[in-house]
Amino acid sequence: MEPALTLAQEFVLLASDGATHKWRKPMRSYLHTYAAGAVLIELLAKEAIRIGEKGKLEVVRAGYRDDEAGQWMIRKLSGAKPATLKKWVQRLYSRSRERSELFEAVARPLIRNGDLREERHRVMLVFSAKRYVPSDASKDRIVRRIRAELLESGPVDHCQESGHNFYPAWSCS
């Protein structure tokens, strides 16, 4: 069975695809920020964090170990002054070093598993940059799962397909 992908990893694979974005791929800062938002959403869904009083994020499970990016985010949330979800996304957007660290934590397992390939290239023949290219197999697997959810009658077995139980009402054994 293929390794389970987090919501942020699925987003990175689909958003990094050059064929999907024929005219223009999302800017790096946006891609990183959206991936950070997906990490926060997944942590909320897995009940590792919650929205507490006054709308501030609170860590519920400090010992979260499901994925590297989630662990990174839990460490940041634990060591910082409480803030709302909106403030956290704004903070990560404005702090490129933190945003890049989190994005690397999302991408690293994908690169290790061969789902994503990192390419180095030059911008205007001067600046060195990284480009991420998803494998066709991993991208197609995500698209098939989304299609099945939209077109199949009855519930799709999310535990089999994606490896995680993103919807708490459905239980995975």
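These remarks concern the structure in this document. (Residues numbered from 1 in each chain as written. Predicted model: local features only at pLDDT ≥ 70, side-chain atom pairs only at ≥ 80, totals over all residues. Heavy atoms only, no water.)

Backbone geometry places lysine 54, a non-glycine residue, at a positive phi of 60°. Looking at the element boundaries, lysine 54 is found in the loop between strand E1 (49-51) and strand E2 (57-59). Phi angles above zero are rare outside glycine, and leucine 125 is one such case at about 60°. Among the secondary structure elements, leucine 125 is positioned in the loop between strand E3 (116-123) and strand E4 (127-134). (Helix = DSSP H or I, 4+ residues; strand = E, 2+ residues; numbered from the N terminus.)

Let us look at empty space enclosed by the protein. For the structure on display, the rule yields two cavities of 30 Å³ or more. By volume, the second largest cavity amounts to about 30 Å³. In terms of lining residues, the second largest cavity is bounded by Thr6, Ala8, Val39, Glu42, Leu43, Tyr64, Asp67 and Gly70. It is helix H2 (residues 28-45) that provides the largest number of residues to the lining of the second largest cavity, a total of three residues. A breakdown of the residues in the lining of the second largest cavity according to their chemical character gives four nonpolar, two polar and two charged. (1 Å grid on protein atoms, 1.4 Å probe; cavity = no way out; pocket = protein on both sides within 12 Å on 5 of 7 lines; lining within 4 Å. Points joined across faces, edges and corners; volume = space filled by probe spheres on them. Nonpolar A, V, L, I, M, F, W, Y, C, P; charged D, E, K, R; others polar.)

Moving on, we come to the layout of surface pockets. Each pocket or cavity is described by its volume, and for the largest pocket that value is around 300 Å³. Together, 15 residues line the largest pocket, and Pro26, Arg28, Lys130, Arg131 and Tyr132 are the ones closest to its centre. Counting only elements with at least two residues in the lining of the largest pocket, the list comes to H2, E3 and E4. The leading source of residues in the lining of the largest pocket is E4, at four residues. Taken together, the residues of the lining of the largest pocket break down into eight nonpolar, three polar and four charged.

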